[in-house]
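Below, each chain spelled out in residue letters.
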Amino acid sequence: MNKTAAIYARVSSEQQKEQNTIASQTAALRDYARAQQYTLPAEWVFEDEGYSGSVLTRPGLERLRDLIAEGAIETVLVYGPDRLSRNYAYQVILLEEFARHGTEVVFLNAPAADTPEQRRLLQFQGMNAEYERAQIAERCRRGKRHQAKAGVIKVLSAAPYGYCYVKKTEAAQAYYQVLESEAEVVRKVFALYTAEGLSIRAIVGRLNAESIPTRSKKAQWIHATVWGMLRNWAYQGRACFGKSTPAPPTQRLNRISRQKGPYSRRRPLKRKRPRQEWIAIPVPALVSKETFELAQERLELNRKLSARHTKQPSVLQGLLVCDQCAYALCRVSTHAPGQQLRYCYYRCLGSDHRPPGGRVCHARPVRVDQLDQLVWEQVWQLLNHPELIRDEIERRLQEHRHRSPVQQRQEKLSKEVARIEQQTDKLIDIYQEELITLEDLRSRVPELKKRQLALEKELESLNLQAVEQSRLVEMNVSM
């Protein structure tokens, strides 16, 4: 009986999408599948158009991996190793993952990997693909830098508010065209900020009150949009290229990342370049150079003298989360009526009326001094009475010794996983003895694989709990 197969194809750039190179990959793989007599379901053709080979988060690849994890796919046909990934480490991860679920990977333009020598050659192809990607990235970087120095506008990102990007033609290069309706809004924002002395938040309120549309014509004006507009060098006639550069991710995690665990996905980070390294490209100016410089001076003065900078740090600042809506609590201050005294509060961000969605929480603010004093008293009590900590650890250990639900569940899950593995092996043996058909095997094995994967994930979570409890035991022994 013919083996079932799935096809995976990928192109990374918009130009490749327009040239229809992904269709040529798919056509060559279909021809190969027919020649080798593979059974190829129509829904098992996975394509990722415009996705880089340096990342694993691709829609088509994610669907393919999900089906392989369920045990549904026997063979995956790929045009070449670099189509699977241009990162050699990612290639190894994917190939090991597919092999672990019993799926064979066949590359159309790569040698078979049956012998150690052939596997070594395939590894060299993966490393060459990674080297080629790094070489292409470096050439693109230097090419864009050279074009920026020549004043070519296409190396910049999308045109900012007030401009329209006009594509390159045979007669002229690409350029920014001024949109007068939006340009008037830009000039108004700079005038309100520099001449009339309004704050950014007051400017946002006026723009929304006058129903001036944003670029999207849907969302309202917000503080970050106006702040970015006041800092955009393009409005004085000099759009800048190379203002930032990719930076390695830092080890410091925010609160959300900590809650997601150590394997939380991080976005690529960027580091600002010194201003003397920026490359200025001439564009039509919307405001004068003097007005723009005056706006920068006021932004810098606000940054230094802003009241948001904490003068007196508090114990719980940046640590509290609202129990009702899960928003963070920020610290605010207000004057006492008729006095020079200032009171500080922890206030839920969800109770703010300014976001477009309005208020989402009705929790009342809490006095900083009262809550800090309450928490500090509890901490001080624990520091002066360490036996309280020792008693709490002992209570948890006694509960663990008497009940031990984690260990019982671990043993039960381990037995269940072993039983499912035995059932899968028996089904394969029965199929080899031709007592059941391939269709019966395909209908029963995926459910077992899915159940086994869920049990293994639960077992892994319980193992982490067991490690935490063992640490408590070690702490108790050391005390």
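For every chain, the first residue of its written sequence is number 1, and the numbers climb from 1 along that sequence. Per-residue local features of the predicted model are confined to residues with pLDDT of at least 70, and side-chain atom pairs are confined, for both listing and counting, to 80 or more; whole-chain, interface and lining totals are unaffected and use all residues. With hydrogens and water stripped out, all remaining heavy atoms of the structure feed into the side-chain values.

Novice: Before we move on, can you summarise the overall build of the protein with the specific residues and values?
Specialist: Numbering of helices and strands runs from the N terminus, with a helix taken as a DSSP run of H or I at least four residues long and a strand as a DSSP run of E at least two residues long. When its secondary structure is counted, the protein shows 15 helices and 13 strands. Only carbon and sulfur atoms are counted for the fraction: they give 52% of the accessible area of the protein, which is about 31600 Å². Each accessible area is a Shrake-Rupley result for a 1.4 Å probe, and residues are judged covered by the shown protein chains and nothing else.

Novice: So what's going on with the pattern of salt bridges? Residues and values would help.
Specialist: One speaks of a salt bridge when a side-chain nitrogen belonging to Lys or Arg is within 4 Å of a carboxyl oxygen belonging to Asp or Glu. Throughout the structure, instances matching the rule amount to 11 salt bridges. Linking aspartate 31 and arginine 34 is a salt bridge whose minimum nitrogen-to-oxygen distance equals 2.3 Å. On the criterion of helical spacing, the pair formed by aspartate 31 and arginine 34 is a turn pair, its members being three residues apart in helix H2 (residues 21-35). Through salt bridges that share partners, Glu180, Glu184 and Arg187 make up one connected network.

Novice: Could you give an account of H2, with specific residues and numbers?
Specialist: Between the first and last residue of a helix there are one fewer steps than residues, each counted as 1.5 Å, and that sum is the expected span. Here H2 contains 15 residues, and its C-alpha end-to-end distance of 21 Å stays within 8% of the 21 Å for a straight helix at 1.5 Å per residue. When we look at burial in H2, the residues that qualify are Ile22, Gln25, Thr26, Leu29 and Ala33. The buried residues of H2 occupy an angular sector of 95 degrees when the element is viewed end-on, so they sit on one face. Turned more than 90 degrees away from the buried face of H2 sit Arg34 and Ala35, all of them exposed. Residues of H2 that are buried sit in contact with strand S1 (5-11), strand S2 (45-49), strand S3 (75-78) and helix H4 (81-84). The buried label goes to any residue with under 20% of its type's maximum accessible area, the exposed label to any with over 50%, and the partly exposed label to all in between, with areas taken from a 1.4 Å probe on protein chains only. Comment: arc refers to directions from the helix axis out to C-beta atoms. Between two residues, a contact is recorded if the distance between any of their heavy atoms is within 4.5 Å.

Novice: I'd like a description of the pairing of S1, backed by residues and values.
Specialist: Here S1 lies mainly inside the structure; seven of its seven residues are buried. Side-chain alternation along S1 places Ala5, Ile7, Ala9 and Val11 on one buried face and Ala6, Tyr8 and Arg10 on a second face that is also buried. Sheet analysis places S1 next to S3, joined by four bridges and oriented parallel. By the bridge assignment, alanine 5 is partnered in S3 with threonine 75. Strands are labelled as partners when DSSP assigns at least two bridges between them.

Novice: Go over the environment of asparagine 463, please, and point to the residues and values.
Specialist: The topology assignment puts asparagine 463 in helix H15 (residues 438-478). Given the relative accessible area of 36%, asparagine 463 is considered partly exposed.

Novice: Account for the side chain of arginine 65, with residues named and values stated.
Specialist: As for its position among the elements, arginine 65 is in helix H3 (residues 59-69). The class of arginine 65 is buried, set by a relative accessible area of 18%. For arginine 65, the residues in contact, after removing those within four places along its chain, are Leu56, Leu94, Glu97 and Phe98.

Novice: Explain the packing of helix H8 (residues 200-209) against helix H9 (residues 223-230) residue by residue, including any values.
Specialist: Following both chains from N to C, one finds H8 and H9 inclined at 110 degrees, their axes separated by 9 Å at the closest point. Accordingly, the angle class assigned to the pair H8 and H9 is roughly perpendicular. Between H8 and H9 lies a crossing whose hand is right-handed. Across the interface between the two elements, Ile200, Arg201, Ile203, Val204 and Leu207 of H8 pack against His223, Val226, Trp227 and Leu230 of H9. Ten residues, namely Ala, Val, Leu, Ile, Met, Phe, Trp, Tyr, Cys and Pro, are considered nonpolar, four, namely Asp, Glu, Lys and Arg, are considered charged, and the remaining ones, Gly among them, are considered polar. Among the residues making up the contact of H8 with H9, the classes are represented as seven nonpolar, one polar and one charged. Here an axis means a line fitted to C-alpha atoms, over the contact stretch when the element is a helix, while the angle between two N-to-C directions is reported on a 0 to 180 degree scale. Angle categories: roughly parallel below 35 degrees, roughly antiparallel above 145, roughly perpendicular from 65 to 115, and oblique for all the rest. In a left-handed crossing the near helix is turned counterclockwise from the far helix by less than a right angle, and in a right-handed crossing that turn is clockwise.

Novice: Can you lay out the packing of aromatic side chains for me, pointing to particular residues and giving the numbers?
Specialist: What counts as a ring pair is set by centres within 6.5 Å for rings of Phe, Tyr and Trp (its six-membered ring), and what kind of pair is set by the plane angle: stacked under 30 degrees, edge-to-face over 60, tilted for all other angles. What the rule picks out here adds up to 10 aromatic pairs. Taking 6.4 Å as the distance between ring centres and 75 degrees as the angle between the ring planes, the aromatic pair formed by tyrosine 165 and tyrosine 176 counts as edge-to-face. On the criterion of sequence distance, the pair formed by tyrosine 165 in strand S5 (residues 163-166) and tyrosine 176 in strand S6 (residues 175-178) is long-range, its members being 11 residues apart. Pairing tryptophan 233 with tryptophan 278 gives two aromatic rings, centres 5.6 Å apart and planes at 80 degrees, and the pair type is edge-to-face. One end of the pair, tryptophan 233, is in the loop between H9 and strand S7 (238-241); the other, tryptophan 278, is in the loop between strand S9 (269-272) and strand S10 (279-282), with 45 residues separating them in the sequence.

Novice: So what about the sheet that holds strand S11 (residues 329-335)? Which residues, and what values?
Specialist: A sheet is described by the order of its strands in space; here three strands give the open sequence S11-S12-S13, paired in antiparallel fashion. Bordering the open sheet on either side are S11 and strand S13 (366-367), each of which pairs with just one other strand. Pairing geometry for S11 and strand S12 (residues 342-348), over seven bridges, is antiparallel. In the sheet register, valine 332 faces S12, and the bridge partner there is tyrosine 345.

Novice: An account of the nonpolar core is needed here, citing residue identities and associated values.
Specialist: What tends to happen in soluble globular proteins is that the nonpolar side chains get buried as a cluster. Here, nonpolar core means buried Ala, Val, Leu, Ile, Met, Phe, Trp, Tyr and Cys residues that are tied together by side-chain atoms lying within 4.5 Å of each other. Judged by nonpolar contacts, the single largest core of 40 residues is most densely connected at Trp221, Val226 and Tyr235. Looking at this core, the elements with two or more residues in it are helix H7 (180-194), H8, H9, S7, S10 and helix H11 (289-305). In terms of residues, this core owes the most to one element, H7, which gives seven residues. When neighbours within four sequence positions are excluded, tryptophan 221 is seen to be in contact with Tyr161, Val185, Val204, Leu207, Asn208, Ile212, Pro213, Thr214, Val226 and Met229. One finds Leu64, Ile73, Leu94 and Val105 within the second-largest nonpolar core, a separate group that totals 16 residues.

Novice: Explain the sheet that holds strand S4 (residues 104-107) to me, and be specific about the residues and the numbers.
Specialist: The parallel open sheet is built from four strands, whose spatial order is S2-S1-S3-S4. The sheet is open, and its two edges are formed by S2 and S4, each paired on a single side. Averaged over all pairs of adjacent strands, the angle between strand axes in this sheet comes to 20 degrees, irrespective of strand direction. Here H2 sits on the sheet and contacts S1, S2, S3 and S4; the angle it forms with S1, its principal contact strand, is near 160 degrees. Packing of H3 onto the sheet brings it into contact with S1, S2 and S3, and relative to S2 it is tilted by some 150 degrees.

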